[in-house]
Amino acid sequence: MKLNNFFNIAYSKEYMKTKKVDELWGKYNKPYFQYFIFGSLASYIFAALVFLAIFITYIILRSNYISELTTYLNAYINNSSSSMVAIAPEQQAAVYFNSEVSINGIIFIVSLALVFHFIYSLVKNIEQKNYQKLSILASFIFLIYILYNFVNLIINLFGGLVGTKKLFDFNILPIWSSFNLIRLITPIVLLILYLVFVRYLRKIKIAFINAYHHEEMLKAQEMFKNQDLNFNDFFSQFMNRAEYQTSENNKQNEATENNINKNNSSDIEKEKAKTKREIYFDKINQLPNNKLFEMAEKLYISGYSKMTREELIEAILNATNN
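Calculation notes
- Residues numbered from 1 in each chain as written.
- Predicted model: local features only at pLDDT ≥ 70, side-chain atom pairs only at ≥ 80, totals over all residues.
- Heavy atoms only, no water.
- Helix = DSSP H or I, 4+ residues; strand = E, 2+ residues; numbered from the N terminus.
- Buried < 20%, exposed > 50% of the residue type's maximum accessible area, 1.4 Å probe, protein only.
- Contact = heavy atoms within 4.5 Å.
- Axes fitted to C-alpha atoms, helices over the stretch in contact; angles between N-to-C directions.
- Parallel < 35°, antiparallel > 145°, perpendicular 65-115°, else oblique.
- Left-handed = near helix turned anticlockwise from the far one by under 90°.
- Nonpolar A, V, L, I, M, F, W, Y, C, P; charged D, E, K, R; others polar.
- Phe/Tyr/Trp six-rings, centres within 6.5 Å; stacked < 30°, edge-to-face > 60°.

As annotated in an unreviewed UniProt entry, the chain carries the name Rho termination factor-like N-terminal domain-containing protein and is attributed to Mycoplasmopsis meleagridis ATCC 25294.

Dropping the structure here:
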């Protein structure tokens, strides 16, 4: 397969038109869906490793980092016109360092947990050959980290560290500036990975949900057709029995025969006057509530538990185009 053709199909919305789960899996899983899914998994692992590397680097450079900040803060205080210092430079540097380490440690732990969560979800969905329950929770770590770094850079730009009004000062604050550079580069890389791989997981999931929904709707429609057929069979049998009973009654009592014929004719005319939707309504109305709820879930009818019985039946009929 040519690469141009591969990418044209992979990044198109062609698969969104597919209405069968089996066809989606068989036609698009290899190689298109797997390209996005395993690309996303690699992106998640890469992000977790980056967060781990940053966290470890903080720990390794702890003394140098705090010493650098302390030296800078002492120089700033000596050159400042204010003689009031609320916190000692060493303490301020330690507080700043600890906050950075804590936040990055939390991000790493969360990202690692989400990687394992995604792998677990992926294995389950592959077993079912259906990605409609594929977890996309891990994708949010990209957005959260990008937002966090963006805010952090803005804070540093406007004086997050006392006296600083810029992001990079490798002469005075080489370690601090290096971490800012990492904060600038990492979100850009993650954003590229998100746009290339991760964001398509949601589209793949929606494609399978739509296909499943369509199949369930067809099953429901088929069920209604079968119920309609059964109803017609029953109605025909009822007609035959009524005619037979009328014939017997003719032999016994002419007056009774006339009354029965009138009643039967009236009932038959009423049944014939019923629309297809009314027939379906009557048949569904015979089902217990748990069956109605089950149908509503399969048809993705929201808020069905709060509906009246009549409203729920109408919603089911609307969902199945009856």
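*Asks:* Would you explain the overall build of the chain in this entry?
*Replies:* Of regular secondary structure, the chain possesses 10 helices and 0 strands. Written out in order from the N terminus, the α and β elements of the chain read α-α-α-α-α-α-α-α-α-α. Within the span of the chain, comprising 322 residues, buried residues form 38% of the whole. Within the chain, contacts between residues at least 6 apart in sequence are counted, and of these 71% link residues at least 24 apart.

*Asks:* Explain the packing of helix H2 (residues 21-60) against helix H4 (residues 89-128) here, please?
*Replies:* Each pair of packed helices can be summarised by the angle the axes make with each other and by the distance between the axes. As a packed pair, H2 and H4 sit with axes 9 Å apart at the nearest point and diverge in direction by 160°. Here H4 runs roughly antiparallel to H2, going by the angle between their axes. Viewed along their axes, H2 and H4 form a crossing whose handedness is left-handed. By residue class, the composition of the contact of H2 with H4 is 22 nonpolar, 4 polar and 1 charged.

*Asks:* I'm lost on the packing of aromatic side chains in this one. Help?
*Replies:* What describes a pair of aromatic rings is the distance from one ring centre to the other and the angle between the planes of the rings. One pass over the full model with this rule turns up 23 aromatic pairs. With a centroid separation of 6.1 Å and 80° between ring planes, the pair formed by Tyr-11 and Tyr-35 is classed as edge-to-face. Residue Tyr-11 is located in the loop between helix H1 (3-10) and H2, and its partner Tyr-35 is located in helix H2; the two are separated by 24 residues in the primary sequence. For Tyr-11, a relative accessible area of 28% translates into the label partly exposed. Taken together, a centroid distance of 5.1 Å and an interplanar angle of 90° make the contact between Tyr-15 and Phe-33 edge-to-face.

*Asks:* Before we go on, may I ask you to explain unusual backbone geometry in this structure?
*Replies:* Glycine aside, the phi torsion of most residues is negative, and most peptide linkages are trans. Cis rather than trans, the peptide bond between Lys-30 and Pro-31 has omega equal to 0°. Within the element layout of this structure, Pro-31 appears in helix H2. The phi dihedral of Lys-129 falls on the positive side, at around 55°, and the residue is not glycine. By secondary structure assignment, the location of Lys-129 is in the loop between H4 and helix H5 (139-157).

*Asks:* Which parts of the structure should I look at to understand the environment of Ile-175?
*Replies:* With respect to the element layout, Ile-175 can be found in helix H6 (residues 174-252). Exposure remark for Ile-175: the relative accessible area of 16% places this residue in the buried category. Through-space distance from the C-alpha of Ile-175 to that of Asn-64 is 8.1 Å; in sequence the pair is 111 residues apart. If we skip the residues at most four places from it in the chain, Ile-175 touches Leu-61, Asn-64, Tyr-65 and Glu-68.

*Asks:* When you look at the packing of helix H9 (residues 289-298) against helix H10 (residues 309-319) in this model, what are you seeing that I'm missing?
*Replies:* Packing of H9 against H10 brings their axes to within 10 Å, and their N-to-C directions diverge by 40°. Of the two possible hands of crossing, H9 and H10 adopt the one that is left-handed. Every residue of H10 that contacts H9 at Asn-289, Leu-292, Phe-293, Met-295 and Ala-296 is listed here: Arg-309, Leu-312, Ile-313 and Ile-316. Grouping the amino acids of the contact of H9 with H10 by side-chain chemistry returns 7 nonpolar, 1 polar and 1 charged.

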